[in-house]
Amino acid sequence: MTALLEVSNLAKAFPARRTGFGRARAWVHAVRDVSFAVEHGRTLGVVGESGSGKSTAARLLLGLVRPDAGTVRLGEVDVLAARGADLHALRRRMPMVFQDPYSSLDPTWVVRDIVTEPLRLVGERSRPVLGARAEELLELVGLAPAFARRYPHELSGGQRQRIALARALACEPDLVVLDEAVAALDVSTRAGIINLLQDLQDRLGVGYLFISHDLALVRVVSHDLAVMYLGRIVESGPTEQVYARPAHPYTRALIAAAPVPDPVVQRARDRPPVRGEVPSALAVPSGCAFHTRCPLATDVCRTTEPPEVAIAPGHTAACHHTESVPGPRSEPVPEPVLKGTS
Amino acid sequence: MTALVEKALPATPPESAWRAFRRRFGRQRLAVVMAGVLGVLVLIAVLAPWITPQDPNAQTLLDRLDAPGAEHWLGADDLGRDVASRLIVATRVTIYAGALATVVSMVIGLPFGLLAGYLRGWTDAVLSRIADALMAIPPLLFAMAIVAVLGRGVTNAMIAIGIVTAPRFFRMARGVALVIREETYIEAARSIGCPTSTIVRTHVLPNMASPLIVQVSITMGFAILFEAGLSFLGLGVQPPDASWGSMLQRSTQFAGEAPWLVLLPGLAILLTVLALNTVGDAVRDSVGRENRRLV
Amino acid sequence: MKAPVLEPVLDVRDLVVEVGTAHGPLVVVDGVSLAVAPGETLGLVGESGSGKTLTALAVMRLLGSSARIAGGQVLLEGTDLTTLGVKQMREVRGGRIGMVFQEPMTALDPAYTVGEQVAETVRRHRRVPRKQAWKRAVELLDRVGIPSPERRARDYPHHFSGGMRQRVVIAMALSCDPVVLLADEPTTALDVTVQEQILTLLAGLRDESGLALLFISHDLGVIADICDRVAVMYAGQVVETAPVHDLFAAPRHPYTDALLHCVPGAAGTRLATIPGTVPAFDALPPGCRFAPRCAHVAPGCDDGPVALEIVDPAHRARCVRLDELAEVAS
């Protein structure tokens, strides 16, 4: 079976400072050689901190930003080769839901018009049809039909995010790209949206690309996981496999740093002081980009970009030192000591 | 199915956008009065031919420079014409002139401004330079040149004024479009395959409603002042027709003997421009959260 | 965890904050009482609209023009801050109370070097020569863990990463040896690996100098990490306050309980949710404000305002069915 979405060797650098003649003097390497696949009806979680390029990657695959290199295939179709109306139609097969529910809905539109916008784009004009579809879509995301006549500013963050999701679903998509879609929401609201996403997947068989900085959240929703650091995927595999046996030191650092909402567990965790921050994407470190903070770094890490190493079926990590990966969780995982950079 | 169903609507039933606008506008007393003034002026302009107490062009030389009184409520001018009647017909000319210049200005400036701001890059660079060049032309001089080519008259003069003021609309539209294009709802529209033209028409334009209203009111006031200036120079309205500007022009030489001839049209101009600006500002302050952010 | 033995340095009593609206004033912080002792961390948890940030702003008298303190006292070492004049209050802010906010970039002026900005806060409260203030600034930058502080003090904020900027803000907050540090979501804008560093720094500073730390956050993981006691806010009220271990192990208010269950656990598990939304302040339920969303709601819940009941000397909860629910649980 072919994957629903297949992304290969995607790369994008943005010009940063420019000279007086408009030529770029420096480049922000937002995405460097990223490949992944999303299967039908499954969820791929993409985790990374700021500057990891995860949001840029999402925009690249919809062609919202033109990549410098790489291919994106949705089913059998080459997305990046499409232009004009063809590209627009392809985007509707994998629409996006954005992080900020307060700015992702046009404040001058009522909810009915917002959720049916994709239908009008494909030529539906009949008001009764649009009205009926709006009610169906609201029902689908757990909102009462009366919301149809409201403006976004009357709604809470969670309600708005449901509206944004309804708009995406109006496209009858194969895949929904969720870019930090629940990051701005309160804990209780977020849980409702997460459950809704899972219900919709069960019911409609839609695939998700779930982009988040929150590892605990990604663990709950994703079948597969990709960890990004400075524009590259450093580790990927089935979520539980990666969690049980994180092979890349960065993945281990991320797992160790996420606070656990239980004071007994949280305070008992042996967490050596973590130092250093993600370097600027303007000057990506040579070799393995993580070597500046990595406890395992050796000379080879500073000079040579690590290859992808298979850890288990479907589980790979880009690290020179995967042989030092400890076994499954039953053995104590030595937490990495991150060295300072600044 | 969905475990958490959000049936709860906001607690307060929504005030319609229009009612909320009226409530907020109503709190600004001066603006309400000024809106009333504008309403009356428009009414006068529309009804002008039927409500003049006397024939505005009838010359009664015996009444020359009559002071305001029973015969002529607001006095008579140097040719003995009834000032009240002339002011009324002049209202029509003045409002026509202001509206014409504003419409021309907006029709030229707005679309190009939207394009420049939304597309940026070369389009923006070229259009902005043209706008800058247009801005550098003194409006009065340009209007004189146009009138010299196309002939005298309010219409030609006001088209000229519309052209030179178009960069104001251009700059406003460009500036606002630059802000709006960065909004997530624009990216959201792109992500569901909305074509650029549709985005500009359905998302960018409605979100600039309130700065647009302000710009319209300012430009209208500006155009009325220019009409007065042009008529003062004899390039606008042609005798025996009257505009406030031309009345002012004729009367300056009698300012000593008949000050009302200067004061009345001057006050009319002042009041109208003031009313336009006050109402424009109040409208801006009264638009709801739907599109307040950009003002 | 034991109840604080020391006298609280910051003691907020029955604080009421009103916000002016078109339809008259609305009470958005309703009778909030909090106390923090030296060396102690009190966590203030709540979702958006719970009033936690307004409480903090009221303590600092930074409410702005639309909101005002309508009742209660804010005692700092026995002085009621609500009675102070504007000038005296300015002395307190950044003097006896240091502040750290969510967004480090907005707290720093891009036009000045960080050393100048820290030295400036020193000089605002103490009459010291420029040179001495600069020396103190470098010391402070060193204390918050900025490497090679002499050199970095000459850099501008945009040369700093998010975590380093937050360290600078903390250095500014510490510049006059405050007794209370008020931190409003200080790590929310930061990456997880950096968040951990900042939390460690704050805890270290607290222990070193006996700071009373009032820590506001929506993140239960962070609260579990750093706080000694926790106050949970909902719809403008404190609904439960307890030592951190008690609160997480045996929450007594249904809202706290529900909130703790909303947090993601293992893969494939379904998250618990709280139905409905936080009530608007102009449409609060007559009795318990959580009643419309509560899984344990009973007829008595709507009868009228609910008081904070004592569970044990250090633990209080605002629930009518406190005893009944405890029996069900045991």
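The rules behind the values
- Residues numbered from 1 in each chain as written.
- Chains lettered and ligands numbered in written order.
- Predicted model: local features only at pLDDT ≥ 70, side-chain atom pairs only at ≥ 80, totals over all residues.
- Heavy atoms only, no water.
- Helix = DSSP H or I, 4+ residues; strand = E, 2+ residues; numbered from the N terminus.
- Rg over C-alpha atoms; globule rule 2.2 N^0.38 Å.
- Buried < 20%, exposed > 50% of the residue type's maximum accessible area, 1.4 Å probe, protein only.
- Contact = heavy atoms within 4.5 Å.
- Pairing = 2+ DSSP bridges.
- Axes fitted to C-alpha atoms, helices over the stretch in contact; angles between N-to-C directions.
- Parallel < 35°, antiparallel > 145°, perpendicular 65-115°, else oblique.
- Left-handed = near helix turned anticlockwise from the far one by under 90°.
- Right-handed = clockwise from strand over helix to strand, strands pointing away.

An unreviewed UniProt entry lists chain A under the name ABC transporter ATP-binding protein, with Pseudonocardia humida given as the organism.

1. Re the overall build of chain C
Helix and strand counts for chain C come out as twelve helices and twelve strands. Taken over C-alpha atoms, the radius of gyration comes to 21 Å for chain C, in line with the 20 Å a tight globule of 330 residues would show. If one aligns the C-alpha atoms of chain C with their principal axes, the spans along those axes are about 70 × 50 × 40 Å. Taken across its 330 residues, chain C has 53% of its residues classed as buried. When contacts within chain C are restricted to residue pairs at least 6 apart in sequence, long-range pairs at least 24 apart make up 64% of them.

2. Considerations on the sheet that holds strand 6 (residues 96-97) of chain A
All names here are of chain A. Here eight strands make up an open sheet; going across it, the order is 6-7-8-3-9-10-12-11 and the pairing mixed. The strands lining the two open edges of the sheet, one partner per strand, are strand 6 and strand 11 (308-312). Across two bridges, the pairing between strand 6 and strand 7 (residues 175-179) is parallel. Residue pairing across strands places Met96 opposite Val177, the latter belonging to strand 7.

3. Here's the deal with unusual backbone geometry
We note that A:Asn9 has phi near 50 degrees; this positive angle belongs to a residue other than glycine. Relative to the helices and strands, A:Asn9 is located in strand 1 (residues 5-15). Here A:Asn9 falls in the partly exposed class, since its relative accessible area comes to 43%. Positive phi is not limited to glycine here, since C:Ser148 has a value of about 40 degrees. With respect to the element layout, C:Ser148 can be found in the loop between helix 5 (130-143) and helix 6 (149-152).

4. Concerning the packing of helix 7 (residues 184-191) of chain B against helix 8 (residues 196-204) of chain B
Residue and element names in this part refer to chain B. Viewed as axis vectors pointing N to C, helix 7 and helix 8 meet at an angle of 140 degrees, and their least axial separation amounts to 11 Å. By the angle between their axes, helix 7 is oblique relative to helix 8. In this structure, helix 7 crosses over helix 8, and the sense of that crossing is right-handed. Of the residues in helix 8, those in contact with Tyr185, Ile186, Ala189 and Arg190 of helix 7 are Ile199, His203 and Val204.

5. Section: the pairing of strand 7 of chain A
All names here are of chain A. Within strand 7, five of the five residues are buried, which leaves it mostly tucked inside the rest of the structure. Neither face of strand 7 is left uncovered, since the one carrying Leu175, Val177 and Asp179 and the one carrying Val176 and Leu178 both have all their residues buried. Bridge analysis of strand 7 against strand 8 (residues 207-212) gives five bridges, and the strand direction is parallel. Residue pairing for strand 8: Leu175 is matched across the bridge by Gly207. You can see the chain leave strand 7, run along helix 7 (residues 187-204) and come back into strand 8, and the turn it takes is right-handed.

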